[in-house]
Amino acid sequence: MTTPPEEGEAVTGGEAVVRALASHGVTDAFGIPGTHNLEIYRHLRAYGVRHVTPRHEQGAGYAADAYARVSGRPGVAITTTGPALLNIAAAVGQAHSDSVPLLVVSPGMPLRHPRQSTGLLHEMRSQTEALRGVAAFSHRVSSVEEIGSAVARAFTLFRTGRPRPVHVEVPLDLLETVEPAGPVRRAPLAGPPAPDPAAVGRAAGVLRAARRPALVLGGGARAAAAECAALAEELGAPVVTTANGKGVVDERHPLSLGVSLHSPAVQKWLVDRDVVLAVGTELAESDIWGPPPALTGTLIRVDVDPAQMYAGLPADVPLVGDARVLLGALLAGCRGGTCDAPSEPGDIPSEPGGTPSKPDDVPAGPVGVRALRAARDDETRTRDARWLPYLRAVRRVLAEDAVLTSDSAQCCYYGALPHLPLGPEGRYLHPTGFGTLGYALPAAIGAKTACPERQVVALSGDGGLQFSVQELATAAQLRLPLPVVVFDNGGYGEIREEMAARGDTPLAVDLPAVDLPALARAYGGRGAVVRSPEELADALARALTAPGPTVLTVPEVSDVPEVTDVPEESPR
């Protein structure tokens with residue numbers, strides 16, 4: 001560790017960047033050094049910032065994204081100019097979609113660089129304009145002293161608003177310039193605002209009077225997991241979550257419907273609720289897999305972002321602020337009144353575990369939740385059957401606090417999201433909204449970097465994995481015990497099925513078989529093809545303690561190469 005420069009002491013712009021990061025508690029960064037950012041890299045060790053080198057900037061962005069999701073601290077990625085910054089843009093777009101605090105630091109063209117192109121290395125028309133299209137903001141500084149303010153501005157957004165990605169650009173000549181850095185600028189430690197008592201009172205009154213309440217939980221509810229569960233129990237309200245809200249309330253809880261917003265049966269049920277409390281969710285098309293349902297009851301929305309009160313489904317009762325504070329106040333308000341709302345006649349079957357009197361009736365409480373779960377699963381029983389035994393095997397092996405990272409793959413959004421139960425101790429990281437491919441593997445590296453004591457498993461398809469398969473080299477270099485479970489359907493299975501459903505002849509979706517376990521071994525890891533849930537469970541248990549990544553391929557097509565060996569140690 002170096003001694004921080006005194007106030008007014010002159011330092012390079014590169015040191016000012018690292019000083020600003022360290023002053024905000026940054027201990028880890030992801031990125032790839034390049035010709036233009038070497039002055040930043042020069043100071044990382046001195047300020048105690050550990051660095052992880054992925055093999056592609058997009059991988060650096062996904063790793064930093066997952067690091068932020070599981071650690072609760074902003075993820076930091078460092079790129080060089082031009083193509084490197086554009087490489088990470090997809091990850092920035094994903095972080096924006098999923099409300100992840102991600103800081104990308106890059107050099108830019110020199111301060112006095114002419115507007116007319118000169119052919120300088122990595123030159124592009126405007127890096128800041130490019131990143132403004134996918135980030136919350138892109139800040140180009142004009143002095144060494146301004147660097148500290150720009151980084152503090154980013155952390156202020158992370159702490160006080162809806163967390164989203166930010167780009168800070170430092171002109172490359174400024175990185176080498178020695179100027180006074182000015183005082184250390186730190187984002188204020190602002191606490192959550194006090195809830196509006198009138199709004200909370202109104203919402204609590206609506207909930208107390210509800211006869212058929214429901215809770216819809218998104219990623220913004222995660223810090224309020226205990227309050228969500230307590231409120232659901234107080235109201236007797238079933239809970240359904242988005243992908244980002246998976247596990248906020250234990251999915252084995254008798255009131256949990258899990259990740260089921262996409263289910264027609266659950267959507268029909270939700271439309272019939274007289275009160276819906278939506279916490280930390282956009283209620284977006286990517287959550288519902290279609291247009292938002294036309295709710296007939298009162299919609300109470302809890303969100304830190306005021307704009308969400310008018311987006312998609314406008315709130316009838318808006319509550320803007322920190323979810324934990326607001327739900328705690330709502331819970332107190334409900335307990336101060338009578339929340340034992342009567343059920344409508346016919347909602348409860350005559351005997352526990354019985355069936356409703358009419359086919360469209362859904363009984364209340366845990367009985368109704370079991371009926372809805374069954375209806376949800378009946379809708380997709382044939383499609384999802386191929387993944388369920390393997391997902392049960394994964395669940396048996398993993399600890400309660402395990403982290404699973406996911407890709408935009410059928411085995412993930414059709415399989416694991418609704419069918420692999422998690423509680424609030426665990427995490428499931430899925431690229432929703434923006435829907436990128438190649439997220440799972442680099443995200444697993446970021447999650448393992450943040451929480452090395454927790455089990456981390458990546459779930460992917462063969463098509464998605466190959467967007468970032470080179471990050472196996474990163475995991476091998478770091479000797480991370482990292483299982484990568486790949487369901488191999490011979491290409492882009494979702495698009496193949498969509499083409500067939502349109503009556504088109506599938507084109508460009510069938511990919512030649514790749515021996516992915518052999519590729520893992522070539523990178524310094526391990527691998528095997530597993531052809532039964534029992535084989536997967538055994539291989540997964542070994543992979544969780546092996547030094548380096550282990551690719552476990554589950555064939556969904558017949559031409560996957562026959563490879564069954566899992567060596568005791570990685571070749572070196």
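Because the structure is predicted, anything quoted here is derived from the model rather than measured.

(A) Region of interest: the pairing of strand 6 (residues 137-140). Across four bridges, strand 6 lies against strand 7 (residues 166-171) in parallel orientation. Across the sheet, R140 pairs through a bridge with E169, a residue of strand 7. With helix 6 (residues 144-160) bridging strand 6 and the parallel strand 7, this β-α-β connection has right-handed handedness.

(B) Just the pairing of strand 7, in detail. Most of strand 7 sits inside the fold, with six of its six residues counted as buried. Both faces of strand 7 are covered, namely the face carrying V166, V168 and V170 and the face carrying H167, E169 and P171. Sheet topology note: the strand 5 (residues 102-108)/strand 7 ladder contains six bridges and is parallel. When the sheet's bridge partners are listed, S106 is paired in strand 7 with E169.

(C) Region of the structure containing the packing of aromatic side chains. Going through the model one piece at a time under the given rule, you end up with eight aromatic pairs. Look at F30 and Y67: their rings are 5.8 Å apart centre to centre, the planes differ by 70 degrees, and that puts the pair in the edge-to-face class. With a gap of 37 residues between them, F30 in strand 2 (residues 28-31) and Y67 in helix 3 (residues 57-71) connect regions that are remote in the sequence. Per residue, the accessibility class of F30 equals that of Y67, and both read buried. Ring centres 5.4 Å apart and planes at 70 degrees place the aromatic pair F155 and F158 in the edge-to-face group.

(D) Focus on the environment of F487. Its place among the elements puts F487 in strand 18 (residues 482-488). Along the primary structure F487 and L172 are separated by 315 residues, whereas in three dimensions their C-alpha atoms are 44 Å apart. Those residues within four positions of F487 in sequence are excluded, and the remaining contacts are W387, Y390, C411, S460, G461, D462, V554 and E556.

(E) Just the sheet that holds strand 2, in detail. Across the sheet, six strands lie side by side as 3-2-4-5-7-6; this open sheet has parallel pairing. Of all strands in the sheet, those with a lone pairing partner are strand 3 (50-52) and strand 6, marking the two edges. Pairs of neighbouring strands in the sheet enclose a mean axial angle of 25 degrees, with direction left out of account. Where strand 2 and strand 3 come together, three bridges link them in parallel fashion.

(F) Inspection of the sheet that holds strand 17 (residues 456-461) at higher detail. Pairing within the open sheet is parallel, and its six strands lie in the order 16-15-17-18-20-19. Looking at which strands have only one partner, the edges of the open sheet turn out to be strand 16 (427-429) and strand 19 (526-529). Going from strand to strand, the sheet's axes swing by 15 degrees on average, the running direction of each strand aside. For strand 18 and strand 20 (residues 549-555), the ladder comprises seven bridges, and the chain directions are parallel. Its bridge partner lying in strand 20, F487 is registered against V554. Relative to strand 17, helix 16 (residues 410-419) is tilted by about 135 degrees, and along the sheet it contacts strand 16, strand 17 and strand 18.

(G) The pattern of salt bridges, seen in detail. The tally for this structure, following the rule as stated, stands at 25 salt bridges. Ionic pairing is found between E39 and R42, a salt bridge with its closest N-O pair at 3.3 Å. Residue classification places E39 among the buried residues on the basis of a relative accessible area of 5%. The shortest N-O distance in the salt bridge between D272 and R273 comes to 3.4 Å. The class for R273 is buried, based on a relative accessible area of 9%.

(H) Highlighting the packing of helix 1 (residues 13-23) against helix 6. One can describe the packing of helix 1 onto helix 6 by two numbers: an axis separation of 9 Å at closest approach and a directional angle of 25 degrees. The orientation of helix 1 relative to helix 6 falls into the category roughly parallel. You can see that helix 1 and helix 6 cross each other, and the crossing is right-handed. Packed against helix 1, whose contacting residues are G13, A16, V17, A20 and L21, the element helix 6 presents V144, I147, G148 and V151 at the interface. When the residues that make up the contact of helix 1 with helix 6 are grouped by side-chain class, the tally is seven nonpolar, two polar and no charged.

Rules behind the numbers
Residues numbered from 1 in each chain as written. Predicted model: local features only at pLDDT ≥ 70, side-chain atom pairs only at ≥ 80, totals over all residues. Heavy atoms only, no water. Pairing = 2+ DSSP bridges. Helix = DSSP H or I, 4+ residues; strand = E, 2+ residues; numbered from the N terminus. Right-handed = clockwise from strand over helix to strand, strands pointing away. Buried < 20%, exposed > 50% of the residue type's maximum accessible area, 1.4 Å probe, protein only. Phe/Tyr/Trp six-rings, centres within 6.5 Å; stacked < 30°, edge-to-face > 60°. Contact = heavy atoms within 4.5 Å. Axes fitted to C-alpha atoms, helices over the stretch in contact; angles between N-to-C directions. Salt bridge = Lys/Arg side-chain N within 4 Å of Asp/Glu carboxyl O. Parallel < 35°, antiparallel > 145°, perpendicular 65-115°, else oblique. Left-handed = near helix turned anticlockwise from the far one by under 90°. Nonpolar A, V, L, I, M, F, W, Y, C, P; charged D, E, K, R; others polar.

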